[in-house]
Amino acid sequence: MTDFSDKPTLTGELVVLRQVTEDDYPALAVAMDDPDVRRLTGSHGEIGEEKAREWYRTRQDQTDRLDLAIVDKASGEVVGEAVLNEWDPDNQSCNFRILIGPKGQGRGLGTEATKLIVGYGIEEIGLHRISLGVYAFNPRAQRAYEKAGFVVEGVFRDALLWDGEWVDEVMMSVLATDWIQSKA
């Protein structure tokens, strides 16, 4: 078991995942400002530009998380980010989150990015469990996570209040044993 001090570049057929930097802010700001992306991620409020730039400026120094930019190989553009965070080294587990802007949606980029970072977390870092939450009004993301090996574990009822309506959060995880078995 190691930490996240190494910031790898992970290459697939459709995407390249690489260390996120402050220079990625303009592309990621477009994604984060998209109303549909904000709804699907349950993002209330706004993050100011200087605070966001500072956030991306410090990602390379973090040893307890991995923040990678998702680059569309076809266009060379940053279309989102994939993150392993909330690392629990004692239990060999962490959380996963992903954000894909409109330019990267509907083409399998998110599914491939998910598989790449999950594979890295399990095969290189030595994680046993990677978990996530997805809101019930985002079945497209749930299907993508299932394609990457995640399994539904349960539901946090009424976890998000969005536009005056309560929305459930579906909890999912992938275990190293499942991941290794699916690769065999």
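Structural notes, computed from the coordinates.

Considering the sheet that holds strand E2 (residues 15-19)
With respect to topology, 8 strands assemble into an open sheet ordered E1-E2-E3-E4-E5-E6-E8-E7, the strand pairing being mixed. Only two strands of the sheet have a single partner each, and these edge strands are strand E1 (10-11) and strand E7 (151-162). As defined by bridge partners, strand E5 (residues 93-100) adjoins strand E6 (residues 129-135) across 3 bridges and the pair is classed as parallel. Bridging across to E6, Cys94 finds its partner in Ile130. Packed on one face of the sheet, helix H1 (residues 25-33) meets strand E4 (78-88) and E5 and runs near 85° to E4.

Regarding the packing of aromatic side chains
One pass over the structure, following the stated rule, counts 5 aromatic pairs. Ring centres 6.2 Å apart and planes at 90° place the aromatic pair Phe96 and Tyr145 in the edge-to-face group. With Phe96 in strand E5 and Tyr145 in helix H5 (residues 139-147), the pair connects residues that are 49 residues apart, well separated along the chain. Per residue, the accessibility class of Phe96 equals that of Tyr145, and both read buried. Within the aromatic cluster, the residues linked to one another by ring pairs are Phe96, Tyr145 and Phe150. One residue, Arg59, lies across the ring of Trp55, its end atom 3.4 Å from the ring centre.

Quick look at the pattern of salt bridges
All chains considered together, the criterion is met by 12 salt bridges. Among the salt bridges present, the one from Arg107 reaches Asp72, with a minimum N-O distance of 2.8 Å. In this pair, Arg107 is assigned in the loop between E5 and helix H4 (109-125) and Asp72 in strand E3 (residues 66-72), connecting sequence segments 35 residues apart. Overall, Arg107 belongs to the partly exposed group, its relative accessible area being 41%. Exposure remark for Asp72: the relative accessible area of 4% places this residue in the buried category.

Considerations on the pairing of E3
A regular strand places its side chains on the two faces of the sheet in alternate fashion. Within E3, 7 of the 7 residues are buried, which leaves the element mostly enclosed by the surrounding structure. The alternating pattern of E3 places Leu66, Leu68, Ile70 and Asp72 and Asp67, Ala69 and Val71 on opposite faces, both of which are buried. When E2 meets E3, the two strands line up antiparallel, connected through 5 bridges. By the bridge assignment, Val15 is partnered in E3 with Asp72. As consecutive antiparallel partners, E3 and E4 are separated by 5 residues, and within that stretch Gly76 has a phi angle of approximately 80°, a positive value.

Each value, and the rule that gives it
Residues numbered from 1 in each chain as written. Predicted model: local features only at pLDDT ≥ 70, side-chain atom pairs only at ≥ 80, totals over all residues. Heavy atoms only, no water. Pairing = 2+ DSSP bridges. Helix = DSSP H or I, 4+ residues; strand = E, 2+ residues; numbered from the N terminus. Contact = heavy atoms within 4.5 Å. Axes fitted to C-alpha atoms, helices over the stretch in contact; angles between N-to-C directions. Phe/Tyr/Trp six-rings, centres within 6.5 Å; stacked < 30°, edge-to-face > 60°. Buried < 20%, exposed > 50% of the residue type's maximum accessible area, 1.4 Å probe, protein only. Lys NZ or Arg CZ within 6 Å of the ring centre and 35° of its normal. Salt bridge = Lys/Arg side-chain N within 4 Å of Asp/Glu carboxyl O.

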